[in-house]
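Survey of secondary and tertiary structure
Given next are the chains, with one letter for each unit.
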Amino acid sequence: MILGLTGGIASGKSTVAEFFREKKIPIICADTIAREITEKQEILDKISVEFGKEMIVDGKLNRKKMREYIFVDINRVKKLNEITHPPIIEKIKEEINRNKENPILVVDIPLLFEGNYEFLVEKILVITCKKEIQLLRVQKRDSVSLESAKNIISKQMSLDEKEKKSDFIIENNGTKEELYEEIEKFLIKISWGIPQLIFINNIYLFFKNLFGSRGTVPSSVLFLNSNPKLFVALATISLVLLM
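Now for a look at the structure at hand.

How each quantity is defined
Residue positions are given per chain, counted from 1 along the sequence in the order it is written. The predicted nature of this model means local features are confined to residues of pLDDT at least 70 and side-chain atom pairs, given and counted, to a pLDDT of 80 or more, with totals for whole chains, interfaces and linings taken over all residues. As a convention, hydrogens and water are excluded, and side-chain values are obtained from all of the structure's heavy atoms. What counts as a helix is a DSSP run of H or I of at least four residues, what counts as a strand is a run of E of at least two, and both are numbered from the N terminus. Polar contact is the term for a pair of N or O atoms within 3.5 Å; when the atoms are in protein, one must be able to donate a hydrogen and the other to accept it, and sequence-neighboring residues count only if both atoms are side-chain atoms. The contact rule is simple, with two residues in contact once any of their heavy atoms fall within 4.5 Å. Partly exposed describes any residue whose relative accessible area lies between the buried limit of under 20% and the exposed limit of over 50%, with all areas from a 1.4 Å probe on protein chains only and scaled to the type maximum. A side-chain nitrogen of Lys or Arg and a carboxyl oxygen of Asp or Glu constitute a salt bridge if their distance falls within 4 Å. Think of each axis as a best-fit line through the C-alpha atoms, taken over the contacting stretch in the case of a helix, with angles from 0 to 180 degrees between the N-to-C directions. Any angle between 65 and 115 degrees counts as roughly perpendicular, while under 35 counts as roughly parallel, over 145 as roughly antiparallel, and the rest as oblique. Each residue gets one label: Ala, Val, Leu, Ile, Met, Phe, Trp, Tyr, Cys and Pro are nonpolar, Asp, Glu, Lys and Arg are charged, and the others, such as Gly, are polar.

Inspection of the secondary structure puts T128 in strand β6 (residues 123-128). In terms of polar contacts, T128 uses its side chain to reach the side chain of E163, at 2.9 Å. T128 has contacts with S11, L159, E163, I169, I170, E171 and N172, leaving out every residue within four places of it along the chain.

Positive phi, normally seen in glycine, also occurs at N116, with a value near 55°. Mapping N116 onto the fold places it in the loop between β5 (105-108) and β6. Here N116 falls in the exposed class, since its relative accessible area comes to 52%.

Taken as a whole and judged by the stated rule, the model has 11 salt bridges. Salt-bridge contacts for K176 lead to E18; the nearest nitrogen and oxygen are separated by 3.0 Å. Placement of the pair is K176 in helix α9 (residues 176-190) and E18 in helix α1 (residues 13-22), with a sequence separation of 158 residues. With a relative accessible area of 39%, K176 lands in the partly exposed category. Measuring nitrogen to oxygen at the nearest pair gives 4.0 Å for the salt bridge that ties K91 to E94. With K91 and E94 both in helix α5 (residues 74-99) and three residues apart, this pair spans about one turn of that helix. Residue E94 is classed as partly exposed on the basis of its relative accessible area of 36%. Overlapping salt bridges bring together K91, E94, E95 and R98 as one network.

Running from amino to carboxyl end, helix α4 (residues 63-70) crosses α5 at an angle of 130°, the nearest separation of the two axes being 8 Å. Compared by their axis directions, α4 and α5 come out oblique. Of the residues in α5, those in contact with M66, Y69 and I70 of α4 are R76, V77 and L80. Split by residue class, the contact of α4 with α5 holds five nonpolar, no polar and one charged.

Set out below in structure tokens:
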């Protein structure tokens, strides 16, 4: 499954991504890719022509100045997207293709709906929280007033709207531990349980590392990896026979 992960500002999406990494579930981070793309000279040249040379300082994009400049005018945002989105999408596709043999692959895209990236994934998980909690988190995180927090949140699609567009919802209104429990429940719901998920991923990585230096991973391993329930069933039978 190619799972799109998204959320709102201060909703807890990054914490969920951190959990997935801890469990060795592969993640493609759109923010990291976007940063790499905007470091390329050809992209910097296009930004300089469109928005002015002052946006480039010491050969790098002045991200703070760019944010301040484009967010006051939706047309400026669209212009920047026209420059950066095509190479970002291409890179995400490349990473998906490179990791598609994994039973579950997470694509972390903060502005998944705003950027119309839905076509890149099979299912979408949104991390959400109550509006009052989101406001408090933004105030604390960014050291801003309530009004400033409201203004920052208003720049994104509302969490209610994102929930309507998503396949799965995890509410994050409590502690980190409580959020982790909800993620575990979610993984059990969509697959066959965390232990088995980790087991199959680790077995696949073992064979990939074993045969990586000798050639292609055997087709039988790839088949089982793409059919995780069969893999788990065979593994269970093997364990029973060994007992």
